[in-house]
Amino acid sequence: MRTVLFLCFLILFGLNLQSCSSVKTPDDSEINAMALKSYEEVKSKAKISNNADWTAMVNRVASRIAKASGENFQWEWMLIDSPEVNAWCMPGGKIAVYTGIMPVLQTEGALAAVLGHEVAHATKRHGKKQYARAMKGNIAGVVIGTATVIGGQIFCKSESCRMITGLGGAAAGFAVAFFDRKFSRGDETEADKVGQDFMAKAGYDPAEAVKVWERMGAANQGKAPPEFMSTHPSDETRRKNLSTWLPEAEAVYSQAPQKYGVGESIK
Ligand SMILES: [Zn+2]
């Protein structure tokens, strides 16, 4: 596959063609393998947080959301010690939370809302769609070709992407597609809806999902948008949607075997 992609890159770069029809959409196992490679790379470079309270909180929230999703992924998560206000879940269930997002969230329930949203992107295979879109737009194709030569670093716009050095081939293309390409508005809306249900099923008060965006907005005033918000458009429509879906999510919450409400506060 890599040879085909590299040839595509040469053709695209040389002839400035707009598409390369021989690039097929990768299946789950291929995309998960690329994600795993990127995840291991981030993990090897990241400073893992030694905040015991926050680590325990991430452990219990992530495991509850993973269970609520009903997805049989090889789940893994880490709390990265970084001021970046960010969290993500790669295809295949590889999760990272950055310590910078914790004080902004204020409650365990808000963390459940963020992880619900990120896990929903993974269960709905949005990363695969995003990667396929990037390939069609030539961006990942160019990166994949170039990455084998110079490491793909010049294409990274985000800190998370830049952490991934030395990756070759498709995994580098995946990293750029995952970290630097925004999900479509439709995918964001779907992740909001599904994520709110996941958190409710996991036993967290789904009203916290609405509050997450208010807290993010408040923390953001007068500053450049944090990573999480720059890749997740926050607007009135989104808050309105989450409020509109609330009765449905509350019905799910009422069925949860255990209820934690908003959980512990984050200090
Ligand atoms: Zn999102």
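Given the structure is predicted, the values throughout are model-derived calculations rather than measurements.

Thresholds, definitions, all that
- Here the residue index of a chain counts from 1 through its sequence in written order.
- Thresholds applied to this predicted model are a pLDDT of at least 70 for local features of residues and 80 or more for the giving and counting of side-chain atom pairs; totals over whole chains, interfaces and linings are not thresholded and use all residues.
- Excluding hydrogens and water, the side-chain values take into account all heavy atoms of the structure.
- Starting at the N terminus, helices and strands are each numbered in turn, a helix being any DSSP run of H or I of at least four residues and a strand any DSSP run of E of at least two.
- For every residue, the accessible area obtained with a 1.4 Å probe (protein chains only) is divided by the maximum for its type, and the residue is called buried under 20%, exposed over 50%, and partly exposed between those limits.
- Using the Shrake-Rupley algorithm and a 1.4 Å probe, accessible areas are obtained, with residue cover drawn only from the displayed protein chains.
- Whether two strands pair comes down to DSSP finding at least two bridges between them.
- Fitted lines through C-alpha atoms give the axes, limited to the stretch in contact for helices. The angle between two N-to-C directions lies from 0 to 180 degrees.
- Residue contacts are defined here by distance: any two heavy atoms, one from each residue, within 4.5 Å place the two residues in contact.
- Throughout, nonpolar core names a set of buried Ala, Val, Leu, Ile, Met, Phe, Trp, Tyr and Cys residues whose side chains join them through atoms within 4.5 Å.
- Throughout this description, the term salt bridge denotes a Lys or Arg side-chain nitrogen within 4 Å of a carboxyl oxygen of Asp or Glu.
- For the purposes of these results, a polar contact is taken to be a pair of N or O atoms within 3.5 Å, where, inside protein, one atom must be able to donate a hydrogen and its partner to accept one; residues adjacent in sequence count only when each atom of the pair is a side-chain atom.

**Details of the overall build of the protein**
Regarding its fold elements, the protein presents 13 helices and three strands. For the protein, buried positions account for 54% of its 267 residues. Looking at the protein as shown, the accessible area adds up to about 11,800 Å², and 56% of this sits on carbon and sulfur atoms.

**A few points about the sheet that holds strand 1 (residues 76-80)**
Spatially, the three strands line up as an open sheet ordered 1-3-2, and their pairing is mixed. Here the strands that pair on one side only, and so sit at the sheet edges, are strand 1 and strand 2 (87-90). Averaged over all adjacent pairs, the angle separating strand axes in this sheet is 10°, with direction ignored. Of the strand pairs in this sheet, strand 1 and strand 3 (residues 94-98) are connected by five bridges, and their pairing is parallel. Paired with Met78 across the strands is Ala96, a residue of strand 3. Sheet strands in contact with helix 3 (residues 52-69) are strand 1 and strand 3, and its direction is about 150° off that of strand 1. Its contacts with the sheet put helix 5 (residues 108-123) on strand 2 and strand 3, and the angle it makes with strand 2 is roughly 30°.

**Remarks on the nonpolar core**
Nonpolar side chains tend to gather and get buried jointly when the protein is soluble and globular. Counting residues in each nonpolar core, the largest one holds 41 residues, and the members touching the most others are Val97, Leu105 and Leu111. Going through the elements one at a time, helix 3, strand 2, strand 3, helix 4 (102-105), helix 5, helix 10 (185-201), helix 11 (208-219) and helix 13 (236-254) are the ones with two or more residues in this core. When sequence neighbours within four positions are dropped, the list of residues in contact with Val97 reads Val58, Met78, Leu79, Ile80, Asn86, Ala87, Met102, Leu111 and Leu115.

**Some words on the pattern of salt bridges**
This structure, assessed with the given rule, holds 18 salt bridges. Between Glu108 and Arg60 there is a salt bridge, with the nearest N and O atoms lying 2.9 Å from each other. Here Glu108 is found in helix 5, whereas its partner Arg60 is found in helix 3, with 48 residues between them in sequence. Assessed through its relative accessible area of 22%, Arg60 is described here as partly exposed. Linking Glu264 and Arg60 is a salt bridge whose minimum nitrogen-to-oxygen distance equals 3.5 Å. Taken together, the residues Glu264 in the segment after helix 13 and Arg60 in helix 3 connect sequence positions 204 residues apart. For Glu264, a relative accessible area of 48% corresponds to the partly exposed category.

**Some thoughts on the pairing of strand 3**
With five of its five residues buried, strand 3 lies for the most part within the structure. Here strand 3 shows two buried faces, one formed by Lys94, Ala96 and Tyr98 and the other by Ile95 and Val97. In the sheet, strand 2 pairs with strand 3 via four bridges, with the strands oriented antiparallel. Within strand 3, the residue paired with Ala87 across the bridge is Val97. Counted along the chain from strand 2 to the antiparallel partner strand 3, the turn is three residues long, and its residue Gly92 has a positive phi close to 90°.

**Brief notes about unusual backbone geometry**
Although it is not a glycine, Gln106 sits at a positive phi angle of roughly 75°. Structurally, Gln106 is set in the loop between helix 4 and helix 5. With a phi angle near 60°, Arg125 is a residue other than glycine that sits in the positive phi range. Structurally, Arg125 is set in the loop between helix 5 and helix 6 (126-136).

**Observations concerning the environment of Lys193**
Looking at where Lys193 falls in the secondary structure, it is placed in helix 10. The spacing of Lys193 and Glu248 is 55 residues in sequence and 10.0 Å in space, taken between C-alpha atoms. Setting aside residues up to four positions removed in sequence, Lys193 forms contacts with Trp245 and Glu248.

**Things to note about the side chain of His126**
Along the chain, the position of His126 falls in helix 6. A polar side-chain atom of His126 sits 2.7 Å from a polar atom in the side chain of Glu190. When residues no more than four places from it in sequence are discounted, the contact partners of His126 are His121, Phe183, Asp187, Glu190 and Ala191.

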